[in-house]
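Close look at the chain arrangement
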Amino acid sequence: MSDELAPGLSRQTVADVIARALAEDLGDAGDLTTTATIPESLRASASLVPRHPGVVAGLPVAALVFETVSDGRLHVELRAADGDRVQPGQVVAVVSGPVRDLLTAERTALNLLGHLSGVATATRQWADAIEGTHARVRDTRKTMPGLRALEKYAVRMGGGVNHRMSLSDAALVKDNHVAAAGGVVPAFEAVRAAYPGVPLEIEVDDLAQLREVIAAGADLVLLDNMSPADMRAAVEFVAGRALLEASGGLQLAVAREVAETGVDYLSVGALTHSAPVLDIGLDITVGS
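Bear in mind that the values here come from a model prediction, so they are computed numbers and not experimental data.

With that out of the way, let us pick up unusual backbone geometry. For Asp 71, which is not a glycine, the phi torsion comes out positive at approximately 55 degrees. Within the secondary structure, Asp 71 is located in the loop between α3 (59-70) and β5 (75-78). You will see that Ala 239, though not glycine, has its phi angle at about 50 degrees, which is positive. Looking at the secondary structure, you find Ala 239 in the loop between α9 (228-238) and β12 (243-247).

Listed below in C-alpha cells is the structure:
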C-alpha cells in the first residue's frame, strides 16, 4: 500500500485526521440512532452528488472514511477525480454496502469532502481569473488547525500553489520581525546568518524598503498592501532579480489587475480561511 493517499498527501496524515473526526462524531457509544433503527443485514447503494457547480477535492479522503468506519465492508467507486470541475446532479462516487456503515460514516465523509472541494473551488476561481498571466495564486498558513495538509492539497487541486507548510520549512520576515530587529535589512541579514540554507522571503511596505532588501540580496519579496502602480514599479525595478508576491487583502475582483502588474504570486489567505463549502449530498437507494 502506498504511503500517499493522493499526490503529495500522506495516507497517515489523512488517517490521523479521520481518526480524530470519528472520535469527535461517534463519542463513546457510537451511532445510537442508526444502531437502533437500521437492521444489521440491510444493504444500500449511495451516490455522492454535488448540489452546486464547483471543483471536487477530497474524494480519496471520503473513500478512506467509508473504509475506516466499515472495516472494509463498504465498497467505494470513484466516478470523478480530484481537480475535476463538477456540475449539480453529477455522481462523483458511489458507495455500496451495509446501511449502518453508510449512515455512520456519512457526515464525517461529507464534512471533509465538502470543505476540501470548497477550497479547490475557491482556488479555481482565482486561477481562472489570472489565467494567461505570469502569476500564480498561492495559499498561506491561514488554515484550520489540524487540516493544513489537506487544505493545501485542495489548493493544488484547484490550480494554486503552496507556500510553506510550517514555520520550519522556510523563513518569512514580516513587519513585526522588522520592527523588533530595527529594520528590513537587519531582520533579513539576521535570518540569513542564522539559517543560510533555508528559503527566505521578506515583507516590504514600500519601494524604498524593496530597494534596500534587493541590494542586500533578497530573492523573494512580499509586497504588502501596495497599489497596482507601485507593484508595476517594483516589477520594473527588480527586473527578474527576485520573485515578487503580492499580499494584503486581495479580492477576486482585482485579481487580474494585480496579476497583470507582473508579480509572480498572489498571496490569498481566503483560499483556506474563508472558502464556502461545496454542498455535496449522499443519496441512498436501499436494497442495492
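This next bit is on the pattern of salt bridges. With the rule as written, the count across this model stands at 9 salt bridges. The shortest N-O distance in the salt bridge between Glu 77 and Arg 79 comes to 3.3 Å. Overall, the relative accessible area of 36% leaves Glu 77 in the partly exposed class. When its relative accessible area of 47% is taken as the criterion, Arg 79 is described as partly exposed. In this structure, Glu 245 engages Arg 138 in a salt bridge whose closest nitrogen and oxygen atoms are separated by 2.7 Å. Within this pair, whereas Glu 245 is found in strand β12, its partner Arg 138 is found in strand β8 (residues 136-138), the two being separated by 107 residues in sequence. Grouping residues by exposure puts Glu 245 and Arg 138 together as buried.

The subject of this paragraph is the nonpolar core. Formed by 87 residues in total, the largest nonpolar core has its most connected members in Leu 48, Phe 66, Leu 210, Val 221, Leu 223 and Leu 266. When residues in this core are grouped by element, the largest group, 12 residues, is from helix α4 (residues 99-129). The residues contacting Leu 266, other than those within four sequence positions of it, are Trp 126, Ile 130, Ala 135, Arg 136, Val 137, Arg 138, Ala 246, Leu 250, Ala 255, Val 258 and Ala 259.

Spatially, the 4 strands line up as an open sheet ordered β5-β7-β3-β14, and their pairing is antiparallel. Edge positions in the sheet fall to β5 and β14 (280-286), since each has one partner strand and no second. On average, adjacent strands in this sheet sit at an angle of 20 degrees to one another, irrespective of strand direction. The sheet contact formed by β5 and strand β7 (residues 93-98) spans 4 bridges and is antiparallel. Note on β7: the bridge partner recorded for His 75 is Ser 96. α3 rests against β3 (43-50), β5, β7 and β14 of the sheet, and its axis sits at about 170 degrees to β5. Relative to β14, α4 is tilted by about 160 degrees, and along the sheet it contacts β3, β7 and β14.

As for its placement among the helices and strands, Ser 70 is situated in helix α3. Its relative accessible area of 0% is what places Ser 70 among the buried residues. A polar side-chain atom of Ser 70 sits 3.0 Å from the main-chain amide nitrogen of Leu 74.

Criteria and thresholds
- Residues numbered from 1 in each chain as written.
- Predicted model: local features only at pLDDT ≥ 70, side-chain atom pairs only at ≥ 80, totals over all residues.
- Heavy atoms only, no water.
- Helix = DSSP H or I, 4+ residues; strand = E, 2+ residues; numbered from the N terminus.
- Salt bridge = Lys/Arg side-chain N within 4 Å of Asp/Glu carboxyl O.
- Buried < 20%, exposed > 50% of the residue type's maximum accessible area, 1.4 Å probe, protein only.
- Core = buried A, V, L, I, M, F, W, Y, C linked by side-chain atoms within 4.5 Å.
- Contact = heavy atoms within 4.5 Å.
- Pairing = 2+ DSSP bridges.
- Axes fitted to C-alpha atoms, helices over the stretch in contact; angles between N-to-C directions.
- Polar contact = N/O pair within 3.5 Å; in protein donor to acceptor, adjacent residues only side chain to side chain.

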